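# Report on the structure
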Amino acid sequence: MTDTRFDPSNADGRWQRAWDEAGTFTADSNSDKPKSYILEMFPYPSGRIHMGHVRNYTMGDVLARYKKMRGHEVLHPMGWDAFGMPAENAAMEKKVHPGAWTRSNIEGMKAQLKRIGFALDWTREFATCDPDYYGHEQALFLDMYEAGLVYRRQSEVNWDPVDMTVLANEQVIDGKGWRSGAEVEKRKLDQWFFKITEFAEDLLEGLDALEDWPDKVRLMQENWIGKSSGLEFSFALSNGEKLPVYTTRPDTIFGASFCAIAADHPIAQALAANPEVGAFIDECKKGGTTAAELETADKLGFDTGITAKHPFTGAPLPVFIANFVLMDYGTGAVMGVPGHDQRDFEFATKYKLPITRVVAKDASEADAPMGDEAEAGDGVIVNSDFLDGKSVEEAKADVIARAEAGGWGEGTTVWRLRDWGISRQRYWGTPIPIIHSPDHGPVPVPRDQLPVELPEDIDFDQPGNPLERHPTWKHTTCPITGKPAVRETDTLDTFVNSSWYFLRFASQPADAPFDPEEIAKWMPVQHYIGGIEHAILHLLYSRFWTRALAHIGKLDVNEPFAALFTQGMVTHETYALGDGSWLSPDEVRKDGADWIAIEDGAPVTAGRVVKMSKSKKNVVDPDAIIADYGADAVRWFMLSDSPPERDLPWSASGIEGCGRFVQRLWRLFQQFDPAATGEDKPLARKAHQAIVAVAEDIEALGFNKAVARIYELTGATEKAAPSESRNFAIQTLMYLSSPMMPHLAEEAWSVAGNDGLIADAPWPEHDPALLVEDEVTIAIQHKGKLRDTLTAPKGASKEDLEALALASEKVQRSLDGAEIRKVVVVPDRLVNIVT
RNA sequence: GCGGGUGUGGCGGAAUGGUAGACGCCGGGGACUUAAAAUCCCCUGAGCUUUGCUCGUGCGGGUUCGAGUCCCGCCACCCGCACCA
């Protein structure tokens, strides 16, 4: 018997060192065990580990430890998504080098992760800002460049004239730069792009096979890729030009009453010299893009005076410049069919254009008047010459066929997906390995000159890209001519860094990004866990990179992540003072039913339970909690109660409960009694059932259910008298809880006199014979309502159960002599008497 | 607007069409203690005329011997996309 309290401040660090020294979680790619690659989205080293990280990594950790117990060779690595803007912002604000800031954050966060006791293979750790990593990334960029998957073109960007940098759309708030507050300008810059659109079809079709991805994420990607099919054809214009348009509804072509083109369409631009047209185009560009603005924005049009000749009727259709037509989708021009498209309907109503019905419920309703909105539904074609009587689908096919036969149009597929712009005018990223030669234009940096390293001696005294104004860095020579040339000063979007890091974890040779044979041993990732916020960008880019690398023969894997799990957020109640300012949880206390500020007793309003965030101050620091309760209590909290895909509300009482449970288990573990004899069959049964149930729950990532099972077995074991069965239950609890509370389990295992580590122990075997109950509780219903329950031997016959049910006093009272019409007996379950 | 999800006690949540509320938190009562902490035991969906009965899984219908679960129609909230032709 040892101390009756488990002391995490002593035990946690001891076991963390023991795992480190034994290399317990180092993955051996040469092992002949079945392999499991378990990965959580690697963190950005922003400074501190937060509860969201803890929850994310605890889930992966339980899986990794469980798989190991199940005899798998597990790869569970960790690294750092280390390039990005916060480091540059820190450099500007705190006058520290982005690299130094990042490195110091990594050091701190790694120590934090170690204190939580994660079963990570630290031998494979890297940061994406290591020249070794980004050098290989540059090599892969060149591979893709040579394969024609990278190109350069002029593109419009959000330019912040004060910070002198490009902003992502997300960084433009109400038309102003999020940092500088300056009015953002549209600028055309030469930008590098990945040809992700070349893989659009592939990326879309691949989604079908990702059965272990959430449907939600698959749908979001499907919508993002946005495949649509229809007809692209040209109108002959009265000015002699052609106007190509795209429509998904060629069946409604006889309902076209106008054409509309985008404000930046070439035809509109050509007319812009006319001051009226110019003014209208400016007006169009002013419109906001927020949901509310779009919802209420009026359809605006400007009649160009040009007409378009209808391909079948020859009728002249007016051509408008319109604010609702987008230049970068389809051809930037549409045929307006007001009867069957809501936007066209609104536009036609406003400009008094004809609204013709060309689809009706059936042929007899061809002349039914249109209502106050467009009818986009299915039906039969009417008022459409040769299409009359056809279904929508037939008519689409017919029109496309005639257009193709007549040579004035063809059936096409249009995608919403755009190519991926990867140029960033920033310092802290992977330098794009290109040299701009005066004679040969952009030329790849020769492979033997990789990595192109970032210069260390930079300053952030002025806005703009420090690489651009560095005195020497960009000056080099053309690899072809040897004459002076300049380096590309843009760096790669940080999403490129995270598009292949999972490959580098699986294999990290010195002279190549990865070794395909090693990759084949581990990939695809069996469980990828992270936040839903990456549903599109990161997950789509990673799928694209994996496919692109497979396409150019570097890999044999198409899909990087076999199963994806998106975990919920860690939330916390918010606390606000009367003036709307936020207080942190440790600045408030409960005073009766109300909350008050500890400092001055001011009344505090407890608000909504929302994601922990610095701005709302509703954060709880993992370190402080670990110091108070130990790592296992925090891990247990992260797994308890809420299903992992839902949000987890943090609470002080919740973590206290977890801390209590750690001690409760510890006390129980001390009660292993070598002298105890005898069998306790019900308890043995519960233990064996728990072995199976907890395993099933973990495999289904139902951690909250696994936790509940462990609570149940704990309660039953505590109540039982000493016996061999009870000892077995205690040992079982040690094993079952070890993936979740590894420090406690190691300590108890060691105190019990076992050699080695429980982390290396196998998952306990269960006895199938003990999974089956020999007595069951039968529910007795009368007309579907519960009247009584009784215990019967398992497998009792229907007749016996019926007789037992009718013998029940409660049942007889409920029946009250009524005539029995029917008795439903579900063996081992219930008897329902119908009167 | 389009697409998706969620809705069960004071709270987080369990529940192959078969005893709704497992398990945890909060709360109440008790034991131990000089006292506290810790620990242990009991109670804890609502209501009622309380050996028991009635109601109860967002709302309204339906299928079924039996519905939180299946079907139809609504409501609320959350998330994603959005003038995508």
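Residues numbered from 1 in each chain as written. Chains lettered and ligands numbered in written order. Predicted model: local features only at pLDDT ≥ 70, side-chain atom pairs only at ≥ 80, totals over all residues. Heavy atoms only, no water.

## What to know about the confidence of the model for chain A
With 97% of its residues at a pLDDT of 70 or more, chain A shows a mean pLDDT of 90. Taken as a whole, residues 288-295 scores under 50 in pLDDT and shows three contacts with residues more than four places along the chain or in a different chain. Our summary of model confidence lists the complex with pTM equal to 0.92 and ipTM equal to 0.94. (pLDDT = per-residue confidence, 0-100. Contact = heavy atoms within 4.5 Å.)

## A word on empty space enclosed by the protein
Scanning all chains against the criterion turns up two cavities of 30 Å³ or more. By volume, the largest cavity amounts to about 160 Å³. If you go around the largest cavity, you meet 13 residues; those closest to its centre are E88, M92, D163, T165 and R426. Contributions of two or more residues to the lining of the largest cavity are made by α3 (85-94) and β4 (165-167). Taken together, the residues of the lining of the largest cavity break down into five nonpolar, four polar and four charged. Quantified by volume, the second largest cavity comes out at close to 50 Å³. As for the second largest cavity, its lining consists of F25, R65, M69, S738, P739, I758 and A759. (1 Å grid on protein atoms, 1.4 Å probe; cavity = no way out; pocket = protein on both sides within 12 Å on 5 of 7 lines; lining within 4 Å. Points joined across faces, edges and corners; volume = space filled by probe spheres on them. Helix = DSSP H or I, 4+ residues; strand = E, 2+ residues; numbered from the N terminus. Nonpolar A, V, L, I, M, F, W, Y, C, P; charged D, E, K, R; others polar.)

## Topic: a positive patch on the surface
Among the surface-exposed residues, K783, K785, R787, R821 and K822 lie close enough to one another that they form a single positively charged patch. Tracing the backbone shows R787 in strand β33 (residues 785-793). R787 sits in the partly exposed class, given a relative accessible area of 36%. (Patch = residues over 30% accessible without salt bridge, like charges linked within 9 Å, V, L, I, M, F, W, Y side chains within 5 Å. Areas by Shrake-Rupley, 256 points an atom, 1.4 Å probe, with all protein chains shown as cover. Salt bridge = Lys/Arg side-chain N within 4 Å of Asp/Glu carboxyl O. Lys, Arg positive; Asp, Glu negative; His and termini not counted. Charge placed at Lys NZ, Arg CZ, Asp CG, Glu CD. Buried < 20%, exposed > 50% of the residue type's maximum accessible area, 1.4 Å probe, protein only.)

## Some points on the pairing of strand β25 (residues 564-567)
The alternating pattern of β25 places L564 and T566 and F565 and Q567 on opposite faces, both of which are buried. With four bridges joining them, strand β24 (residues 527-531) and β25 adopt parallel strand pairing. Across the sheet, the residue bridging to G530 is T566, located in β25. Handedness of the crossover joining β24 and β25 through helix α17 (residues 537-551): right-handed. (Pairing = 2+ DSSP bridges. Right-handed = clockwise from strand over helix to strand, strands pointing away.)

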